[in-house]
Amino acid sequence: MTAASAAPAFVSTDLYRIVQRYQSPEEIEATHRAYDFAAKAHADVRRKSGELYIHHPLEVARILADLHMDVDTLCSALLHDVIEDTEYSKEYVTEHFGLVVAELVDGVTKLAGNHFTSRTEAAEASFQKMMIAMTQDYRVVLIKLADRLHNMRTLGSMPAEKKRRIANETLQIHAPLARKMGINMLRKELQSLCLMHLHPWRYKILRKSVSANINHNQTTYDRILNDITEALRSQQIESSVFLWEKNLYRIYDEAQKFKANKYLSNESDGIEIRVLVDKTPECYLALGAIHQLYSPKTGKFRDFIAARKAYGYQALQTELITYERQLLKVEIQTKQMYQVSQYGVASHFRYPNSMTATDFSKTYLDRWIKQVADINRTNSSPSEFMEDITSDLFLKDIQVYTPRGDIRTLPSGSTPIDFAYEIHTDLGNRCSYAIVDNRRVPLSSQLKNGATVRIYKDPNARPQPNWLNSVATGKARAAIRHWINSRKDGEFIALGKQLLDQALEPYHADLETLKPEQLDNTLKLLKLDDSDDLLSHIAHGDHCAKRIARRLVDE
């Protein structure tokens, strides 16, 4: 395909029809120029499926255009494989499309695998490179997510083993990243495609069961939707009420967790309905009207409008029992809340006039980007960096409060140590004890949603190696590991001696009073050279001081 033939081809694409709706003539021309160049750079190259390679970057750009992303993002999407797969350099892209586009393209470009010892090592280094680029411009991740989505849509021509590897990687990294960015419409499709490629037969059976269930109960569903619409209209509430498409991956995941007596039915899985209204007060009026219509289940109401989720998600959630004893799950939002819940940090591109809700999600994103930058500054290896970042992605969020009432969002399973590092690295390094809801608790205790936490620090306190077993956040883990690794040998030995002497106290002993043969036997058993070697291993967390103490005093 030549540049000359690419021009009319671009005009006939879905991408061109979409950008015409919101881009200026100058921006359309820039997008057109990027398409021409990408078509020239990938000329005559074909994908595994046999189609011309240019269709891939074109579809990646179209996915982003559906979000109404800016012209730099679309140009970068069209060019995202140019540096990696063609003879054109980053300098060439900079010269012809500007530094911003070149940096975005470079951010999603994988590192060359020649000097890596394994595919895993190359993937970890490329992931770190992408996330570092994200700290400068978060649009890098949006391009990568669109790239992965199109790859997942076109995995059919790949060998089965490669399909499974890519699908597992998508579940571990890309779907959680989409969730972190608040782009739930994208996350949902990624998860569904992963299920389809990992378990194609189960996926077909589940999709068929869900479809049959909808067809069988369509009359009931229509009546429920009509009853809710009429109940809201009687309260002068204009609304949009519709059946929500179930997430097949979530159904499958829950079935795997509760295998016994799990089957698809209205009683076990429920009918999911969305109610959209115009203004926030109408959400609460709609809730009252629906609760008068059906019987609400005790303890199943959640107000995420007054206490929104971290990335800006807001809704009222309630569960009810209909007259036919069917479980009904209802989510009530304003139209603006719905936009944010589906498009997250990208919603201010798609809906530029909805700034109130999107500002909150952008603040959350900025805070996460800062954490990524902090983790990177600890000089961790690519494997440690990837572990620290991905450890946060899978966990659900909880919200805890500072003594001043400020909200801090942490992954579930977090401890006061995580909270201290979330406030400031120095507070984490010096934290001595914690008061949670007016009670002193161990630093290793898990925090509950809504808790108020106060951290007390001590100038003489130091991070302990065993903290690595307690923390849930990548930021805390990276900071503790950095502090440990930056200590000199002498400091490690002194720290190890302090930990071992503390462990020996209950036995009324210390390192100096131990019998030489007891120490020698322990060193021989652990294959260590001398006592300094033992103390250094204890300080690093390689050996537990309490277990060593029991072994040393055991006659």
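Please read all numbers here as calculations on a predicted model, not as lab measurements. (Residues numbered from 1 in each chain as written. Predicted model: local features only at pLDDT ≥ 70, side-chain atom pairs only at ≥ 80, totals over all residues. Heavy atoms only, no water.)

Colleague: Describe in detail the overall build of the chain, supporting the description with residues and values.
Modeller: Scanning the chain from terminus to terminus reveals 27 helices and 11 strands. Its C-alpha atoms put the chain at 85 × 65 × 45 Å along the principal axes. In the chain, which comprises 555 residues, the share counted as buried stands at 50%. A separation threshold of at least 6 residues defines the contact pool for the chain, and within that pool the share at least 24 residues apart is 67%. Accessible surface, the chain: about 27,700 Å² in total, of which carbon and sulfur atoms supply 48%. (Helix = DSSP H or I, 4+ residues; strand = E, 2+ residues; numbered from the N terminus. Buried < 20%, exposed > 50% of the residue type's maximum accessible area, 1.4 Å probe, protein only. Contact = heavy atoms within 4.5 Å. Areas by Shrake-Rupley, 256 points an atom, 1.4 Å probe, with all protein chains shown as cover.)

Colleague: Describe the pattern of salt bridges, naming the residues involved and giving the relevant values.
Modeller: Summed over the entire model, instances satisfying the criterion amount to 23 salt bridges. Residue Glu-230 pairs with Arg-233 through a salt bridge whose shortest N-O separation is 2.9 Å. Residue Glu-230 and its partner Arg-233 are located together in helix 14 (residues 218–234), separated by three residues, close to a single helical turn. Taking relative accessible area as the criterion, Arg-233 reaches 44% and is therefore assigned partly exposed. Among the salt bridges present, the one from Glu-272 reaches Lys-246, with a minimum N-O distance of 3.8 Å. (Salt bridge = Lys/Arg side-chain N within 4 Å of Asp/Glu carboxyl O.)

Colleague: Give a description of helix 23 (residues 474–486) that names residues and reports values.
Modeller: Taking 1.5 Å as the rise per residue, helix 23 with 13 residues should run 18 Å; its terminal C-alpha atoms sit 18 Å apart, in good agreement. Within helix 23, 10 of the 13 residues are buried, which leaves the element mostly enclosed by the surrounding structure. Restricting attention to buried positions, one finds in helix 23 the residues Gly-474, Lys-475, Ala-476, Arg-477, Ala-478, Ala-479, Ile-480, Arg-481, Trp-483 and Ile-484. (Expected span 1.5 Å × (residues − 1).)

Colleague: Which residues make up the nonpolar core, and what values go with them?
Modeller: Formed by 87 residues in total, the largest nonpolar core has its most connected members in Leu-15, Leu-64, Leu-79, Met-131, Leu-177, Met-181 and Trp-368. When residues of this core are assigned to their parent elements, the largest contribution, eight residues, is made by helix 10 (residues 139–153). With residues up to four places along the chain from it excluded, the contact list for Met-131 reads Val-141, Leu-177, Trp-368, Val-372, Phe-385 and Ile-389. Leu-443, Ala-479, Leu-504 and Leu-519 belong to the second largest nonpolar core, which has 42 residues in total. (Core = buried A, V, L, I, M, F, W, Y, C linked by side-chain atoms within 4.5 Å.)

Colleague: Break down the packing of helix 13 (residues 200–216) against helix 15 (residues 248–257) for me, with residues and values.
Modeller: One can describe the packing of helix 13 onto helix 15 by two numbers: an axis separation of 10 Å at closest approach and a directional angle of 110°. Between helix 13 and helix 15, the angle is such that the two are roughly perpendicular. Contact residues: Arg-202, Tyr-203, Leu-206, Arg-207 and Val-210 in helix 13; Leu-248, Ile-251, Tyr-252 and Gln-256 in helix 15. (Axes fitted to C-alpha atoms, helices over the stretch in contact; angles between N-to-C directions. Parallel < 35°, antiparallel > 145°, perpendicular 65-115°, else oblique.)

Colleague: Go over the sheet that holds strand 9 (residues 431–436) with me, naming the residues and quoting the values.
Modeller: Strand pairing in a sheet relies on backbone hydrogen bonds, with the paired strands running either antiparallel or parallel. With antiparallel pairing, the three strands of this open sheet are ordered in space as 10-9-11. Every interior strand has two partners, whereas the edge strands, strand 10 (439–441) and strand 11 (453–457), have only one. Recorded for the sheet is a direction-independent mean angle of 35° between the axes of neighbouring strands. Relative to strand 10, strand 9 is paired through three bridges, and the arrangement is antiparallel. Counted as the bridge partner of Ile-435 is Arg-440 from strand 10. Against the sheet, helix 21 (residues 416–423) touches strand 9, strand 10 and strand 11, its axis set at about 80° to strand 11. (Pairing = 2+ DSSP bridges.)

Colleague: Kindly report on the packing of aromatic side chains, identifying the contributing residues and their values.
Modeller: Two aromatic rings are characterised by how far apart their centres lie and by the angle between their planes. As enumerated under the stated definition, the model contains 11 aromatic pairs in all. Measuring from ring centre to ring centre gives 5.5 Å for Phe-37 and Tyr-92, while their planes differ by 20°; the resulting arrangement is stacked. Remark: Tyr-92 occurs in helix 7 (residues 90–97) and Phe-37 occurs in helix 3 (residues 25–41); sequence separation between them is 55 residues. Residue classification places Phe-37 among the buried residues on the basis of a relative accessible area of 9%. When the centroid spacing of 5.5 Å and the interplanar angle of 55° are considered together, the rings of Tyr-294 and Tyr-323 count as tilted. Taken together, the positions of Tyr-294 in the loop between helix 16 (280–293) and strand 3 (295–296) and Tyr-323 in the loop between strand 5 (316–321) and strand 6 (327–334) put the pair 29 residues apart, joining distant regions of the chain. The positively charged end of Arg-274 is found above the aromatic ring belonging to Trp-244, 4.1 Å away from the centroid. Cation over ring: Arg-440 sits above Tyr-433, and NZ or CZ is 3.9 Å from the ring centre. (Phe/Tyr/Trp six-rings, centres within 6.5 Å; stacked < 30°, edge-to-face > 60°. Lys NZ or Arg CZ within 6 Å of the ring centre and 35° of its normal.)

Colleague: Lay out helix 25 (residues 516–526) with the relevant residues and their values.
Modeller: Within the sequence span of helix 25, burial applies to Gln-518, Leu-519, Thr-522 and Leu-523. All buried residues of helix 25 fall inside an arc of 130° around its axis, so they share one side. Among the exposed residues of helix 25, those pointing more than 90 degrees away from its buried face are Pro-516, Asn-521, Lys-524 and Leu-525. Where helix 25 is buried, its residues meet helix 26 (531–540) and helix 27 (545–553). Looking at the residues trailing helix 25, positive phi occurs at Lys-527, about 60°. (Arc of directions from axis to C-beta.)

Colleague: Could you give an account of the environment of Ala-102, with specific residues and numbers?
Modeller: Relative to the helices and strands, Ala-102 resides in helix 8 (residues 99–108). Separated by 229 residues in sequence, Ala-102 and Glu-331 have C-alpha atoms that sit 42 Å apart. In this structure, Ala-102 is in contact with Lys-90, Val-93 and Thr-94, ignoring residues within four places of it in sequence.

Colleague: Talk me through the packing of helix 11 (residues 160–180) against helix 12 (residues 184–198); I want residue IDs and the actual numbers.
Modeller: Direction vectors running N to C along helix 11 and helix 12 enclose 165°, while the axes themselves pass 9 Å from each other. Accordingly, the angle class assigned to the pair helix 11 and helix 12 is roughly antiparallel. Two packed elements cross with a definite hand, and for helix 11 against helix 12 that hand is left-handed. Taking contact as the criterion, the partners of Lys-163, Arg-164, Ala-167, Asn-168, Thr-170, Leu-171, His-174, Ala-175, Ala-178 and Arg-179 in helix 11 are, on helix 12, Leu-186, Arg-187, Leu-190, Gln-191, Cys-194, His-197 and Leu-198. (Left-handed = near helix turned anticlockwise from the far one by under 90°.)

Read these as geometric descriptors, not functional statements.
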